[in-house]
Structures are given as structure tokens and as C-alpha cells.
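Single-letter residue listing:
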Amino acid sequence: MTTVTALTTLTLLALAGCGTETGRESDGAAEAGSAVRTDLPLTDVRWSIESLSVDGKKTAAPAGASVEIDSKGKASAQTGCNSIGAKVTIDGDTITVGEKETTLIGCPDELAAFEKALGGAFAGKLKAKVEDKKLTLTGADGDSIALTAEKPAPLVGTGWAVSGVVSGGTVSSLPQDKKGETGKATLTFAEDGTVSGNLGCNGFSASAKVTDSTITFGMLRATKKLCPEPGMSLEYELRKVLDGKVTYELHHRELTIKAADGEGFTAAAGTPAK
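Residues numbered from 1 in each chain as written. Predicted model: local features only at pLDDT ≥ 70, side-chain atom pairs only at ≥ 80, totals over all residues. Heavy atoms only, no water.

Novice: Looking at this structure, I do not really get the overall build of the protein chain. What am I missing?
Specialist: Counting its regular elements, the protein chain contains 3 helices and 19 strands. For the protein chain, buried positions account for 43% of its 274 residues. Residue pairs in contact within the protein chain that sit at least 24 positions apart in sequence constitute 56% of those at least 6 positions apart. For the protein chain, the computed accessible surface area is about 14000 Å², with 52% contributed by carbon and sulfur atoms. (Helix = DSSP H or I, 4+ residues; strand = E, 2+ residues; numbered from the N terminus. Buried < 20%, exposed > 50% of the residue type's maximum accessible area, 1.4 Å probe, protein only. Contact = heavy atoms within 4.5 Å. Areas by Shrake-Rupley, 256 points an atom, 1.4 Å probe, with all protein chains shown as cover.)

Novice: How do you make sense of the side chain of Glu-263 when you look at a structure like this?
Specialist: Relative to the elements of secondary structure, Glu-263 occurs in the loop between strand E18 (254-258) and strand E19 (264-270). Here the side chain of Glu-263 touches Ser-167 through a polar contact of 2.9 Å, side chain to side chain. For Glu-263, the contacting residues outside a window of four places in its chain are Val-166, Ser-167, Gly-168, Lys-240, Val-241, Ile-257 and Lys-258. (Polar contact = N/O pair within 3.5 Å; in protein donor to acceptor, adjacent residues only side chain to side chain.)

Novice: Would you mind showing me how to read the nonpolar core here?
Specialist: What tends to happen in soluble globular proteins is that the nonpolar side chains get buried as a cluster. Of all hydrophobic cores here, the largest spans 29 residues; its most connected members are Trp-160, Phe-189, Ile-215, Leu-255 and Ile-257. Elements with a contribution of two residues or more to this core: strand E10 (159-167), strand E12 (186-189), strand E14 (203-210), strand E15 (214-217), helix H3 (231-241), strand E17 (244-251), E18 and E19. Beyond its immediate stretch of four places on either side in the chain, Ile-257 contacts Phe-189, Ile-215, Val-241, Val-246, Thr-247, Tyr-248, Glu-263, Gly-264 and Phe-265. (Core = buried A, V, L, I, M, F, W, Y, C linked by side-chain atoms within 4.5 Å.)

Novice: I keep staring at helix H2 (residues 109-121) and nothing clicks. Help me out?
Specialist: What sets the pattern is the α-helix's 3.6 residues per turn: residues three or four places apart point alike. Between the first and last C-alpha of H2 there are 19 Å, a value that for 13 residues agrees with the 18 Å anticipated at 1.5 Å per step. All buried positions along H2 are accounted for by Leu-111, Phe-114, Glu-115, Leu-118 and Ala-121. Seen along its axis, H2 keeps its buried residues to an arc of 130°; they face one direction. For H2, exposure combined with an orientation more than 90 degrees from the buried face picks out Asp-109, Lys-116 and Gly-120. Along its buried surface, H2 packs onto strand E1 (46-54), strand E2 (57-60), strand E4 (74-78), strand E7 (124-131) and strand E9 (144-149). (Expected span 1.5 Å × (residues − 1). Arc of directions from axis to C-beta.)

Novice: Even after reading the chapter, I still don't get the state of the cysteines, so can you show me in this structure?
Specialist: Here, disulfide denotes a covalent bond that connects the sulfur atoms of two cysteines. One pass over the full model with this rule turns up 2 disulfides. Between the sulfur atoms of Cys-81 and its disulfide partner Cys-107 the distance amounts to 2.0 Å. Looking down the S-S bond of the Cys-81 and Cys-107 bridge, the torsion is -95°, so its handedness is left-handed. Taken together, the residues span a long stretch of sequence, with Cys-81 in the loop between E4 and strand E5 (83-91) and Cys-107 in the loop between strand E6 (94-102) and H2 at a distance of 26 residues. Each member of the pair Cys-81 and Cys-107 is classed as buried. The residue that forms a disulfide with Cys-201 is Cys-227, at a sulfur-sulfur distance of 1.8 Å. Measuring the twist about the S-S bond at about 70°, one finds the Cys-201-Cys-227 disulfide to be right-handed. A residue pair is termed long-range when its members are at least 10 positions apart, and Cys-201 in the loop between strand E13 (194-198) and E14 and Cys-227 in the loop between strand E16 (221-222) and H3 qualify at 26 residues. Take Cys-227: its relative accessible area is 23%, and that puts it in the partly exposed class. When the cysteines engaged in disulfides are numbered in sequence order, the protein chain pairs them as 1-2, 3-4. (Disulfide = S-S within 2.5 Å.)

Novice: Would you explain the pattern of salt bridges in this entry?
Specialist: Two side chains that carry opposite charge are able to pair once their charged atoms sit near each other. For the coordinates displayed, the defined rule picks out 7 salt bridges. Here Glu-150 ties to Arg-46 by a salt bridge, and the two come within 4.0 Å at their closest N and O atoms. Note that Glu-150 is positioned in the loop between E9 and E10 and Arg-46 in strand E1, a separation of 104 residues in sequence. With respect to class, Glu-150 is no different from Arg-46; both count as buried. The salt bridge involving Lys-127 is made with Asp-93; its shortest N-O contact spans 3.5 Å. Here the residue Lys-127 occupies a position in strand E7, and Asp-93 occupies one in the loop between E5 and E6, the gap between them amounting to 34 residues. When salt bridges that share partners are traced, they join Arg-46, Glu-150, Arg-253 and Glu-254 into one network. (Salt bridge = Lys/Arg side-chain N within 4 Å of Asp/Glu carboxyl O.)

Here it is in C-alpha cells:
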């Protein structure tokens, strides 16, 4: 596993609420000078990246790729692998992206290529156009990013795909095999106070009592298959967390769960793996 720089920790702390589902859909007009003047405000909206058009070539974005700009002019972009942070200024329909910092997770080749292209497109002066909850950012060279406004995902009823491992205040990439493939784990909280999914190898279920900031997991029931790596390593990490009382933070479509010792994992809203 490749450890991410401290930027990830700062990004998580800055973006996450205190365990409550406080993500809001932004309605109404944007404040003067703080966002593009459109029916849908530009800031404090989670924008899912749909595609990039670079040098006339359109590329679909990987799952989890997004951009968010807060009302203080801080931008956070998720590439599907790493996080990008930048200071931005907004003047009318022009967004100027300042110097950027990025985390350093080792990414599969396809994600690394998209990340490089996004870093080049999300730079300098960009013209913003919003129509019907769709945002297009276009650079002076004609390269563009197509985005769609996301609704916040509720904790219960959403399929969460595990995306990273938290340890010692930092987030690490998921365990990988020799080909760079990562383990896949999912979980879904149900209205009846249970959680179920896949730990990376075995299917599981447990009771899950949810409050505004904590989840208390009951005894974990799981199948007993032996699987090749990296599935078993990921399962080992998750079993350490899904035990007893933990805290959680939910921001838009990102979930972070931590045990009392600081060990935990991150997950992105999506469709659980079969």
C-alpha cells in the first residue's frame, strides 16, 4: 500500500462534517462575487466529472471523479485515485485555478492517464457554463471538463464501495496484487438496522445501530472462503474496523468510518459489487 501525503488528511478534515448527513443541495442565487451567476450556484456543489475533452479527444471519467469549490475559494478535485487541492478565484463566469497540490497514491495506468489529463485541463483560466444542472469548464485552448451536479448520498440505502484504508491519520490505497489490481469491498446499511456486503473476499452481515455520529456494529457473520490476494488482505483490514462502536463522517458521496484507535476506511457512494 502506498501512503498518501498529509494533504489527504487535511482534505478529509476540511470536507467532512461531524458524522451528520449535512450535505445540502444548493438552491437559490449565489452571492455576488463568490460564484458564477446562474440558476444553480457553482460553489458548495459536488460536481461529478462525466468526461474530459483534450486535444479534441473525449475520455469518460472513472467512478468517483469530481470537483467541488467551497464559498471560500478552495477547490478539491477527486481523480478516481488521487485528490487535488487548489485555491481558485471566481469573477463572473471565469474561474482561475491557482497552484495545485496532490496526494501521491500509486494509480493503475488508466487512472494515472486520466489524472494527468485532468490536471492539465483543470488549470489556469476556465470559462464556466451551467445549464440544467450541467457544468462545463473550458480552457483557453479549447480543452473542457463536463460535470453534473450530484445529490448527497444518505448513509442508509446507499451502496458504499470501499476506496481507501485509514491509519495514523492518513489514507492509503487499497491492497494490490502484482498486477496492480485492488481488492473490492462493499457495504450497504439497511432501514432495519443491519449492514451487509462483501469484505473483499467473503460476504458478511451484522447489526448496525446508527446515531448522528456513531455506528455500533454487532457480531459479524461472514462466509468462510479462502480467496487470493489482495482480497484477503483487504478483508483483514475491514474486520478490524467493523467491530463494536465506531465514528463516521459523511460528506456528499464520501464516507469515512474510524475505530477508536484511528484505524478505518473510506468509501464512495456507488452500486455494490455482485
